[in-house]
Structures are given as C-alpha cells and as structure tokens.
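Topology and contacts: notes
Each chain, written out:
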Amino acid sequence: MSNLRIGVIGCGGRGNVAGFALQSKAGARIVAGCSDYEPHLEAFKEKYGDDVYTCVDYQDIISRDDVDAVFITTPDFLHEEMAIAALEAGKPVYLEKPLAISIEGCDRILKAAYKTKTKLFLGHNMRHFESVLKMKEIIDSGQIGEIQAVWCRHFIDYGGDAYFKDWHSEKQYANSLLLQKGAHDIDVIHWLAGSYTERVVGMGKLSVYDQCARRHESERGDASFRDENWPPLEQTKCSPKIDIEDHNMIMMQLRNGIQCSYLQCHYTPDTCRNYTFIGTKGRLENIGDTGNSQIYVYTDRHSSFGTPNQIFQLFGQDQAHGGADPNIVDEFIRFVKFNDLTNTSPLAARNSVATGVLGAASLREGNVPKVIPELDPALVDYFENNQQW
Ligand SMILES: NC(=O)c1ccc[n+]([C@@H]2O[C@H](COP(=O)([O-])OP(=O)(O)OC[C@H]3O[C@@H](n4cnc5c(N)ncnc54)[C@H](O)[C@@H]3O)[C@@H](O)[C@H]2O)c1
C-alpha cells in the first residue's frame, strides 16, 4: 500500500510529533503544513524539504487531494472547528488532546466522525507510556486485588513557563488546566480503573502566577521552558490576562464504584505524575513516568513506608515522552491504513474532558458535585467498535 500523505495543521510546537510518521514501518510521508506563524512554516520546509506545501489557512490543507490524513496540533480552542471541518472533508484526523474545551464541542466532533464515517484518533500519548502500560499490566493481572481507590499527584515545575504566558492562561482558550494537563491523567485513571467518572467535585484557585510581572499585550507570548525561571514568583512576561487556576484538586466517583482523586500543582520545584492504585490485596505506585522510572508494588502488610515487595525498573528513552510519541504516531497510521485496534479512544477522550470541564465548574461554583452527561448510545457503540460499522 502506498505511503499515507500527511498534512499538519499547526506545524510548530507539538506539530513536530507528526515527524515520527517518517519512522513508521506502515509507511507515511509529510506533504503539507499549516501555521499562522511564518517562522514555523520556514522550519517545516527546512525539516521536510522545499517541495512540501505550506499555508496559513487550514482550509487549504483539508481541500487538497494529495493529503490523505491530517494532524491537528493547534491550540485547544481551535480543535473543534478544525477537526469537524477535516472530518467533513473526509480526512482522517490525528487530533491532539484535549478533544475540545467543552463537552458540547467534544460531542459535536464525535458526531461529525460518526456521521461522515471518517476516522478520528486522539493524541493521548500517555496510553503509550511504559510506566502506564506496566501499571495496567500489574492491575489486570490481579496482583493487587480489585482496585477500590486511585490517587494521582501531578507536580509541574514548568507550569509557569508553559501555561501562564500565552493562550493557555485564559478560560476562553483553555477552559481549565484540568483539560490541558488533566485530560491525560483523568484518561489514565479511567483506563486503568476500567470505568468513567459519574460524579466530580472540585476545589482549586489561582494564587501564584497572578502576582508575577506581565508582558505587554502587543508582545507574543513565549512559552519556552527555562530552568532559571525560579522561584515561581520571579517569573516575568506572564500573560496580560490570567483567569485559570494554578492549583486544581478534584475527586471523582467512577461508575464502577472506584473512588479517585487528582491533585495538580503548577508551581512545584519538580515534575512528576505519581499515581497510586489501591486494591483489596495491595497497592502500586510509579516513581517517575518516562525515561528511567520504577513501579513499586506493595503486597505485604508492614507498618513502615517506602519498602515495596517488588520493584519494576523501566528504561524508557529520555526523549519523545519516553518513546511514546513514535509509538502513538505509528498506531495512528496503522489505524488509518489497516483498521488496527488502538490503545487510545475518542470516547475516553470525551469522558476525560467532560470530567475536567465539570471539575472546573465545580471548583468555580462553590465545590458543588457535578454529574457527567451520558453520550448518545449510538456514538458509544460506534467508538467502542473501533469506528467500524
Ligand atoms: N500530547 C502531548 O504530549 C502534548 C504536548 C504538548 C502539546 N499538546 C497539545 O498540542 C496542541 C498544540 O500545543 P502547542 O503548545 O504546540 O501550541 P502552540 O501555541 O505552540 O501552537 C501550535 C501551532 O499552531 C499554530 N496555530 C495557532 N493558531 C493557528 C491558526 N488559527 N491557524 C493555523 N495555525 C495556527 C501555531 O502557529 C503553531 O505553529 C494543544 O492542543 C496541546 O494541548 C500535546
């Protein structure tokens, strides 16, 4: 079968993930790129050759006959419009997380994929993290019994660099960091716990980055990571408008009875997602999530802390999210070309966004519990059946 010809909408920043398509044995090449920022188009041509097509308007990509599929790697608030347009043009879509920034937006994308029978794939690369796959394997083996409780602490040392200097800092563009960052973790919790959130309650606030020096609104936001931007209150050139929280805590009641909590902080000195899954015969936790990391498993009772019964040492790559990025891009290409089954799921992506959206609503409205609305059963069946009909 011939190479899948890929167009990249949003070809700077995360758009670079599409480059892993060239490593896929399933066969793909990059033929077109779109960005509203000229230096990203120049870098794209430099990377893929002068003969790739480049443009500023994404419609020019989805209307091309020589583009078989698209990556949509633009900011979160553009996902809905661009994904629906691409699906309606019959182009299979690799869409970065979060699926959209509202539940209604997510459901409109899923409906467009269902109606057009055009393949939709979500960039939930944590479903290819070695640490996540190992935790899933241990849980599925029954070693720690039936899971009853899940906790996740998420420390983000680069929060001030990445999320408080450009579009991420405003609700109208990101809704909440419970989507931008949390959609990953909520998805992992759902996947490993084997269920989706039914009810969510939240508490959180903006307390650090609103005190930092701001850039002028005429200056382009620079979200690059710099270790010297420390401590958090010494950040400069933060966004003129910041109305998202830098500390988020939610509690989730899953449909299968499992109870979960997720805590996310953007002003910690270190970075880690530390999950704890607690079952009826033990618990496990991850120390590190990509690169060299460990999974600690505790199965004997003992009244001290930090002495696991078993340690699984993982040796992931340091780059490309521990090697998850080439794997997820390969999965997309095999899904489009051969209908291969996927670790990722648009349905799960919708339910992680729905939990983040309503978790944010809860914390903004006095911590009231929110119930996740169910999706049309026809859509559930379609996506549970790997988008076959
Ligand atoms: N899965 C992951 O590990 C991961 C990591 C980082 C980012 N992301 C996701 O990737 C997406 C992009 O994030 P980013 O940090 O690269 O964003 P970004 O702000 O750097 O923008 C990405 C690209 O989109 C272009 N763009 C913006 N508006 C456009 C428009 N109207 N038309 C055409 N091009 C436009 C930008 O110029 C840039 O080239 C987000 O949805 C983010 O959540 C995922």
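First things first, this report covers the structure right here in the doc. Note that the structure is predicted; figures quoted are calculated from it, not measured. (Residues numbered from 1 in each chain as written. Predicted model: local features only at pLDDT ≥ 70, side-chain atom pairs only at ≥ 80, totals over all residues.)

**Description of the overall build of the protein chain**
Operational definition: The secondary structure listing takes helices from DSSP runs of H or I that are at least 4 residues long and strands from runs of E that are at least 2 residues long, numbered from the N terminus. Any residue whose C-beta has 12 or fewer other C-beta atoms within 10 Å is treated as exposed, any with 20 or more as buried, and any in between as partly exposed, C-beta atoms being built from the backbone. Here the contact rule is simple: place C-beta atoms from the backbone, and any two residues whose C-beta atoms are within 7 Å are in contact.
Of regular secondary structure, the protein chain possesses 12 helices and 15 strands. Seen through its principal axes, the protein chain has C-alpha atoms that stretch 65 × 50 × 40 Å. In the protein chain, which comprises 389 residues, the share counted as buried stands at 48%. Considering only intrachain contacts with a sequence separation of at least 6, the fraction spanning at least 24 residues in the protein chain is 74%.

**Remarks on the sheet that holds strand 5 (residues 93-95)**
To keep things clear, this is the line we draw: Two strands qualify as a pair provided that DSSP identifies no fewer than 2 bridges between them. Fitted lines through C-alpha atoms serve as axes, helices being fitted only where they are in contact, and the angles separating the N-to-C directions of these axes extend from 0 to 180 degrees.
Taken together, the 6 strands give an open sheet; going across it, the order is 3-2-1-4-5-6, and neighbouring strands pair in parallel fashion. What marks the edges here is a single partner per strand, and that holds for strand 3 (53-55) and strand 6 (120-122). Strand-to-strand twist of the sheet, defined as the mean angle between neighbouring strand axes without regard to direction, takes the value 25°. Relative to strand 3, strand 2 (residues 28-34) runs parallel, the two being bridged by 3 bridges.

**A short note on the site of the ligand**
This is how the line gets drawn: Each residue gets a C-beta atom placed from its backbone. If that atom is within 6 Å of a molecule or strand, the residue is near it. Polar here means any residue outside two lists: the nonpolar Ala, Val, Leu, Ile, Met, Phe, Trp, Tyr, Cys and Pro, and the charged Asp, Glu, Lys and Arg; Gly therefore counts as polar.
Within the structure, the ligand sits among 23 residues, and Gly10, Gly12, Gly13, Arg14 and Tyr37 are positioned closest to it. Of the residues contributing to the shell around the ligand, the split by class is 6 nonpolar, 12 polar and 5 charged.

**Considerations on the sheet that holds strand 7 (residues 147-155)**
Taken in spatial order, the 9 strands make up an open sheet running 14-13-12-11-7-10-9-8-15, and their pairing is mixed. The sheet terminates laterally at strand 14 (310-315) and strand 15 (370-371), the two strands that pair on one side only. Bridge analysis of strand 7 against strand 10 (residues 259-265) gives 7 bridges, and the strand direction is parallel. By the bridge assignment for strand 10, histidine 154 is matched with glutamine 264. In the packing of helix 11 (residues 346-364) onto the sheet, contacts are made with strand 8 (197-205), strand 9 (247-254) and strand 15, and the angle to strand 8 comes to roughly 45°.

**Side note on the nonpolar core**
Test applied: A set of buried Ala, Val, Leu, Ile, Met, Phe, Trp, Tyr and Cys residues, joined through C-beta atoms within 7 Å, is what we mean by a nonpolar core.
Counting residues in hydrophobic clusters, the biggest one holds 105 residues, and the most contacted among them are Ile6, Val70, Ile72, Val93 and Val353. Considering each element in turn, this core owes the most residues, 8 residues, to helix 11. The contacts of valine 70, once residues within four sequence positions are left out, are Ile6, Gly7, Ile9, Ile61, Ile62, Ala86, Lys91 and Val93.

**A few points about unusual backbone geometry**
Cis peptide bonds are those with omega within 30 degrees of zero, and the linkage from lysine 97 to proline 98 qualifies with -10°. Secondary-structure assignment places proline 98 in the loop between strand 5 and helix 4 (103-116). Cis geometry marks the peptide bond from tryptophan 230 to proline 231; its omega dihedral reads 0°. Locating proline 231 in the fold gives a position in the loop between strand 8 and strand 9. In the Ramachandran plot, alanine 320 falls in the positive-phi region, its phi being about 55° despite a non-glycine side chain. Relative to the helices and strands, alanine 320 is located in helix 10 (residues 320-338). Its 19 C-beta neighbours within 10 Å are what place alanine 320 among the partly exposed residues. The backbone of glutamine 387 shows a phi angle near 60°, a positive value even though the residue is not glycine. Locating glutamine 387 in the fold gives a position in the segment after helix 12 (377-384).

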